[in-house]
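Analysis of the macromolecular model
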Amino acid sequence: EKAFGAWSATSRASRTPVPTAPQLTSRQIYIVDQPEAAQSQIRIGWLGVARSTPDYFPLQVLNTILGGSFSSRLNLNLREKHGYTYGASSSFDMRSTAGPFAAAAGVQTDKTKESLQEFFNELNGILRPVPADELSRAKNYVALRFPGGFETTGDISRRLEDALVYKLPDDYFTNYVPNIEKVTAADVQRVAKMYIDPSRLAVVIVGDVKSIESGVKGLNLGPLRPMTIDDVFGPAPQMQAR
């Protein structure tokens, strides 16, 4: 009240629309050189969807199966089966406008090629029908975690923030679990084919180029562009001597 009590608005703030980012039309591979890196950081993705998508609930189940839980396909493959990484995951970052879809992991440098191969095995595999038991486990995982998002006043405030920012319907939280339970294997396959196209994803690898470049080239995933940190962020500003 002391600082702002007498403050009145003179005009309504304008909002500049966020321009639509261009979607990739073919797969692109980027290697950012980090000499002597012990790991290769891998990110594979493209433009995803906005929070307003009508496919929100099928996408939650899809991503849980692919890389959204510890028992997801990506994590069980790259971590549990092969031991290439401490963890592999995927996510749809849904915003007011379309955010990114990305699959990610930090992997052993000498297993970069093999890890990429397994990433694409799973990204292609998720396009096929999901077995009934795997679908059931994923839906249970999402539904049983849902109440935990309301445990504290902070949790509740974040849920209300989501409702206001994304203009969710008044019955959204009441119907959340029933909407998850309605998701079918056909729904998961449909949204997988619509929102994940392995032939058009960007692959970004940050690692030791001299150790990993030949193996990545050997996979023939697509055009490969080596880059430096300065290529990505621009040259570091020069510090002035005092």
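Everything below is about the structure printed above this text.
Read on for a plain summary of the structure. (Residues numbered from 1 in each chain as written. Predicted model: local features only at pLDDT ≥ 70, side-chain atom pairs only at ≥ 80, totals over all residues. Heavy atoms only, no water.)

1. Describing the layout of surface pockets
Put simply, the largest pocket is a space of about 740 Å³. For the lining of the largest pocket, the elements supplying multiple residues, two or more each, are helix 1 (56–66), strand 3 (85–92), helix 4 (132–145) and helix 5 (153–165). For the lining of the largest pocket, the element with the most residues is helix 1, which contributes five residues. (1 Å grid on protein atoms, 1.4 Å probe; cavity = no way out; pocket = protein on both sides within 12 Å on 5 of 7 lines; lining within 4 Å. Points joined across faces, edges and corners; volume = space filled by probe spheres on them. Helix = DSSP H or I, 4+ residues; strand = E, 2+ residues; numbered from the N terminus.)

2. Some remarks on the environment of Thr-25
With respect to the element layout, Thr-25 can be found in the segment before strand 1 (28–33). For the pair Thr-25 and Ser-199, spaced 174 residues apart in sequence, the C-alpha to C-alpha distance is 8.4 Å.

3. Some points on the pairing of strand 2 (residues 39–47)
Inspection of the sheet shows strand 2 paired to strand 4 (residues 100–108) by nine bridges, in the antiparallel sense. Across the sheet, residue Arg-43 finds its bridge partner in strand 4, namely Ala-104. Inspection of the sheet shows strand 2 paired to strand 5 (residues 202–207) by five bridges, in the antiparallel sense. The residue bridging Gln-41 from the neighbouring strand is Val-206, located in strand 5. (Pairing = 2+ DSSP bridges.)

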